[in-house]
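Understanding the architecture of this molecule
Next come the chains, spelled out residue by residue.
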Amino acid sequence: MLDIQRIRSNKEEVIELLSRKGFEEQTIVDIFNLDNEWRKSISDLENIKAKKNNLSKEIGKLKREGKETEPLFKEIENLSKDIANYEKEVKEKEEKINLLMLTVPNTPHPSVPVGRDETSNREEKRWGEIKSFDFEPKGHDEIGESLSIVDFKRAAKISGARFVVYKGLGAKLERALITFMLDVHTKENGYLEVLPPYLVKAQALYGTGNLPKFEADLFKISSSDFYLIPTAEVPVTNLHREEILNEESLPISYCAFTPCFRSEAGSYGKDTKGMIRQHQFHKVELVKFSHPDDSYNQLEKLTLDAEKILEYLKLPYRRITLSSGDMSFSSAKTYDLEVYLPSQKTYREISSCSNFEDFQARRADIRFKPKGGGKTRFVHTLNGSGLAVGRTFVAIVENYQQKDGSVIIPDVLRKYLDGVDVIERV
RNA sequence: GGAGAGAUGGCCGAGAGGUCGAAGGCGCCUGACUCGAAAUCAGGUUUACGGGCAACCGUAACGGGGGUUCGAAUCCCUCUCUCUCCGCCA
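Everything in this summary refers to the structure shown in the same document. (Residues numbered from 1 in each chain as written. Chains lettered and ligands numbered in written order. Predicted model: local features only at pLDDT ≥ 70, side-chain atom pairs only at ≥ 80, totals over all residues. Heavy atoms only, no water.)

1. Examining the pairing of strand S10 (residues 317-321)
With respect to burial, S10 is a largely interior element, 5 of its 5 residues being buried. Alternating residues of S10 divide into Tyr317, Arg319 and Thr321 and Arg318 and Ile320, and every residue in both groups is buried. The sheet contact formed by strand S1 (residues 122-127) and S10 spans 5 bridges and is antiparallel. Paired with Lys125 across the two strands is Arg319, which belongs to S10. Taken together, the 5 bridges between S10 and strand S11 (residues 333-341) define a ladder with antiparallel strand orientation. Pairing of Ile320 across the sheet is with Asp336, part of S11. (Buried < 20%, exposed > 50% of the residue type's maximum accessible area, 1.4 Å probe, protein only. Helix = DSSP H or I, 4+ residues; strand = E, 2+ residues; numbered from the N terminus. Pairing = 2+ DSSP bridges.)

The structure is reproduced here in structure tokens:
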């Protein structure tokens, strides 16, 4: 949620910034006008209330002195009627404003390239060498099935499309990746591991900005008010909901492994084969709560922490800055990390690292008390995948495939796989 | 799932229709004393919103929502959460 003060005092600037995200001006104008009306009404309302409070006090005083109070009651009755009317008006305006405010996306940071879609994304760097194969590299789904480490057909039998069953060394490789990533982040990068609930209340999803706009992307439990988390970002960011943190404790860095559940509504026909786009996948997520002055520095660090995993695994990748139009609703700046997939001869997203500034903190009410005293301020929240485990699995299988259909295990993972250094057909 | 108890400021804890934004204690801040510190003494110490250049003024908040009343932390309804006991389960 934006600070409504920004709309009050810098309406034109907010409109311009949001237009970069393709957000229409009218909503901001509506909010601005409603807010003006609201302030007028609330001011009137509070004046009447003050009058009534004074009369009530007066009655108390007269009663104690044993004096007549009857004459005051008529006046109070009128004031009460006025109050009821104004209250209704104020409440209606508040609700309207709130509803609108929840649909306003975060403003993009000035460093974000302006553009309407991914064609305006800016490549920041490339790392690693793209392997040249002396054969036609296969897709991970084909390799995986021939090695019997994944099974799409049986997954479909159980759960339908966009699911996979990992088997044998496949299951073990997935598990190894999770442990490996968590080890790096907790032992080398200074994150505290948390293991949060996978079912959350709607309130948590409002906090991160997934609701109210993106209900269709989520799985909701029909027998209760729970939603399945689309990412660990939701429970972990809400860890400090409605809290006032110590300034000295910032930045707070968490990493969390969770499954993620996404309905993938509207992505029919996209990535239908293989494990790229699933209803359920695993992810190790990095989440930071930062001092506002430090958050862009923390974004760089967090992105490097995610890149480190790719570098340890020797997977070629590039970093891009998403353009204003390609960025998510809540984000002020996002780096995507894309790993190279030989079968597609292109880079595919494997991590998305964002600074939300105070957008989520405002929604979830996460603040800190400045050291020298003064008003509590909202923290900045950040998060990034470190990494999407399923897609890392895909990248390893494809990049480490050999002509005979086997897959070499990257050095750093072997100790997690009881020393297995290659997955071969049995 | 059944029965009961509870939720008050950063924390503990009083308050049982008006003088309560809320006693008292702890903590924290400032000052005095001290070479300095501890101890002691004095004062201060919630948040959000609106108005104001500001001093400050107003409104709201005692778990959330609603109600009774001129007036609610206090009475009523409801929801949530926590604790205890029983059942069930990993």
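There is more to say, and it comes next.
2. Details of helix H3 (residues 25-64)
At 3.6 residues per turn, the α-helix brings residues three or four places apart onto the same side. Between the first and last C-alpha of H3 there are 58 Å, a value that for 40 residues agrees with the 58 Å anticipated at 1.5 Å per step. Directly after H3, the chain includes Gly66, whose backbone phi takes a positive value near 70°. (Expected span 1.5 Å × (residues − 1).)

3. Overview of helix H2 (residues 11-19)
Val14, Ile15, Leu17 and Leu18 are the residues of H2 that are buried. Around the axis of H2, the buried residues are gathered within 165° of arc, so they sit on the same side. Considering only its buried residues, H2 is in contact with helix H1 (4-9) and H3. (Arc of directions from axis to C-beta. Contact = heavy atoms within 4.5 Å.)

4. A short note on the pattern of salt bridges
Here the structure, examined in full by the defined rule, presents 32 salt bridges. One salt bridge in this structure joins Lys11 and Glu12, with 3.9 Å as the shortest N-O distance. Between Arg414 and Asp411 there is a salt bridge, with its nearest N and O atoms 3.5 Å apart. Placement of both Arg414 and Asp411 in helix H13 (residues 411-414) is noted, with a separation of 3 residues, approximately one turn of the helix. (Salt bridge = Lys/Arg side-chain N within 4 Å of Asp/Glu carboxyl O.)

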